[in-house]
Amino acid sequence: MLLLMLWAVLGIPFSVLTVMLFYAVRWIPSRPAQVLIPLAAGIIFVVVGMSMEPPLPGNSEALRFLIGICSHPLLFVSPAILLHKYLHRIPAAYAVFFAAFIASCVLILLGALQGDLRYVKLDDIQFFLKAMITVIIDLIIASGAFGLIIMLDIMLTGTEVENP
């Protein structure tokens, strides 16, 4: 029951924020910049968010919360920008929302399966590896979720060749 509540309370806001970021990023005229800007911002947010753990006196919990909320949707936007041109029948807003929701639910499930994490001081190499693993996992899960949406779209419309 707790997992379902977390999916509703966190997954839906993550998904709405991802759709808003998707449409905001589409205003950027350069397609490579549309992909790289949210990716770079997501990496920076992950690194900053991880550097604020464990919570220490003096660290703003509100800032830490905002960074945590924005880091995953920023990383979910890059695969959506790359792959949304392969959609034929499903509107981009729906596809981005449901792909982000699927990715959020998978990440929440993975976080719930980890249980109680112990905070230890990481050296620089371990910190860098942990941050990059987080980014790579987000990108893979978001790409896989968007790929499922594209497969559903292809199944609804037939083969890609038949589409206009």
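These figures come from a predicted structure and were not determined experimentally.

**Points about the packing of aromatic side chains**
Two descriptors summarise a pair of aromatic rings, namely the distance from one centre to the other and the angle between the planes of the rings.
Working step 1: This model, assessed by the stated rule, comprises three aromatic pairs.
Working step 2: Here the aromatic rings of phenylalanine 22 and tyrosine 23 are separated by 5.2 Å at their centres, their planes lie at 80°, and the arrangement is edge-to-face.
Working step 3: In this structure phenylalanine 22 comes out as buried when scored by relative accessible area, which is 0%.
Working step 4: A relative accessible area of 36% means that tyrosine 23 is categorised as partly exposed.
Working step 5: Three or more aromatic residues joined by ring pairs form one cluster here, namely Phe97, Phe98 and Phe101.

**With respect to the environment of phenylalanine 127**
Working step 1: Inspection of the secondary structure puts phenylalanine 127 in helix H5 (residues 124–157).
Working step 2: Separated by 76 residues in sequence, phenylalanine 127 and serine 51 have C-alpha atoms that sit 8.4 Å apart.

**Considering helix H2 (residues 31–51)**
Working step 1: Helix length check: H2 (21 residues) gives 31 Å between terminal C-alpha atoms against 30 Å at 1.5 Å per residue, within 8%.
Working step 2: Taken residue by residue, H2 has Gln34, Val35, Pro38, Leu39, Gly42, Val46, Gly49 and Met50 as its buried positions. All buried residues of H2 lie within an arc of 110° about the axis, which places them on one face of the element. Pointing more than 90 degrees away from the buried face of H2 are the exposed residues Pro32, Leu36 and Ile44.

**Thoughts on the nonpolar core**
Working step 1: Membership of the largest hydrophobic core comes to 17 residues, with the highest contact counts inside it found for Phe22, Ile81, Leu87, Ala95, Val96, Phe146 and Ile149.
Working step 2: Those elements that place two or more of their residues in this core are helix H1 (2–25), helix H3 (61–83), helix H4 (92–114) and H5.

**Concerning the environment of proline 79**
Working step 1: Relative to the helices and strands, proline 79 resides in helix H3.
Working step 2: In this structure proline 79 comes out as buried when scored by relative accessible area, which is 7%.
Working step 3: Taking the C-alpha atoms as reference points, proline 79 and leucine 39, 40 residues apart in sequence, are found 9.4 Å from one another.
Working step 4: Ignoring anything within four residues of it in the chain, the contact list for proline 79 reads Leu139, Ala142 and Ser143.

**Overview of the confidence of the model for the chain**
Low-pLDDT stretches of the model should not have their predicted coordinates read in fine detail.
Working step 1: In this model, the chain carries an average pLDDT of 83, and 85% of its residues clear a pLDDT of 70 or more.
Working step 2: When mean pLDDT is taken per element in the chain, H2 scores highest with 89 and H4 scores lowest with 85.

**Some points on the packing of H3 against H5**
Working step 1: For the pair H3 and H5, interaxial distance at closest approach is 9 Å and the crossing angle is 45°. When the interaxial angle is binned, H3 and H5 end up oblique. As for how H3 packs across H5, the hand of that crossing is right-handed. Contacts from His72, Leu75, Phe76, Pro79, Ala80 and Leu83 of H3 reach H5 at Val135, Asp138, Leu139, Ala142, Ser143, Phe146 and Ile150.
Working step 2: Among the residues forming the contact of H3 with H5, the class breakdown is 10 nonpolar, two polar and one charged.

**What about a nonpolar patch on the surface?**
Working step 1: A cluster of nonpolar residues, Ile102, Val106, Leu110, Ile125, Phe128, Leu129, Ile133 and Ile137, forms a patch on the protein surface that exposes about 700 Å² of accessible area.
Working step 2: Listing elements by their share of the nonpolar patch, those giving two or more residues are H4 and H5.
Working step 3: Counting residues per element, the nonpolar patch draws most heavily on H5, at five residues.
Working step 4: With respect to the helices and strands, the residue leucine 110 is situated in helix H4.
Working step 5: Residue class for leucine 110 comes out partly exposed when judged on its relative accessible area of 38%.

Definitions and cut-offs
Residues numbered from 1 in each chain as written. Predicted model: local features only at pLDDT ≥ 70, side-chain atom pairs only at ≥ 80, totals over all residues. Heavy atoms only, no water. Phe/Tyr/Trp six-rings, centres within 6.5 Å; stacked < 30°, edge-to-face > 60°. Buried < 20%, exposed > 50% of the residue type's maximum accessible area, 1.4 Å probe, protein only. Helix = DSSP H or I, 4+ residues; strand = E, 2+ residues; numbered from the N terminus. Expected span 1.5 Å × (residues − 1). Arc of directions from axis to C-beta. Core = buried A, V, L, I, M, F, W, Y, C linked by side-chain atoms within 4.5 Å. Contact = heavy atoms within 4.5 Å. pLDDT = per-residue confidence, 0-100. Axes fitted to C-alpha atoms, helices over the stretch in contact; angles between N-to-C directions. Parallel < 35°, antiparallel > 145°, perpendicular 65-115°, else oblique. Left-handed = near helix turned anticlockwise from the far one by under 90°. Nonpolar A, V, L, I, M, F, W, Y, C, P; charged D, E, K, R; others polar. Patch = residues over 30% accessible without salt bridge, like charges linked within 9 Å, V, L, I, M, F, W, Y side chains within 5 Å. Areas by Shrake-Rupley, 256 points an atom, 1.4 Å probe, with all protein chains shown as cover. Salt bridge = Lys/Arg side-chain N within 4 Å of Asp/Glu carboxyl O.

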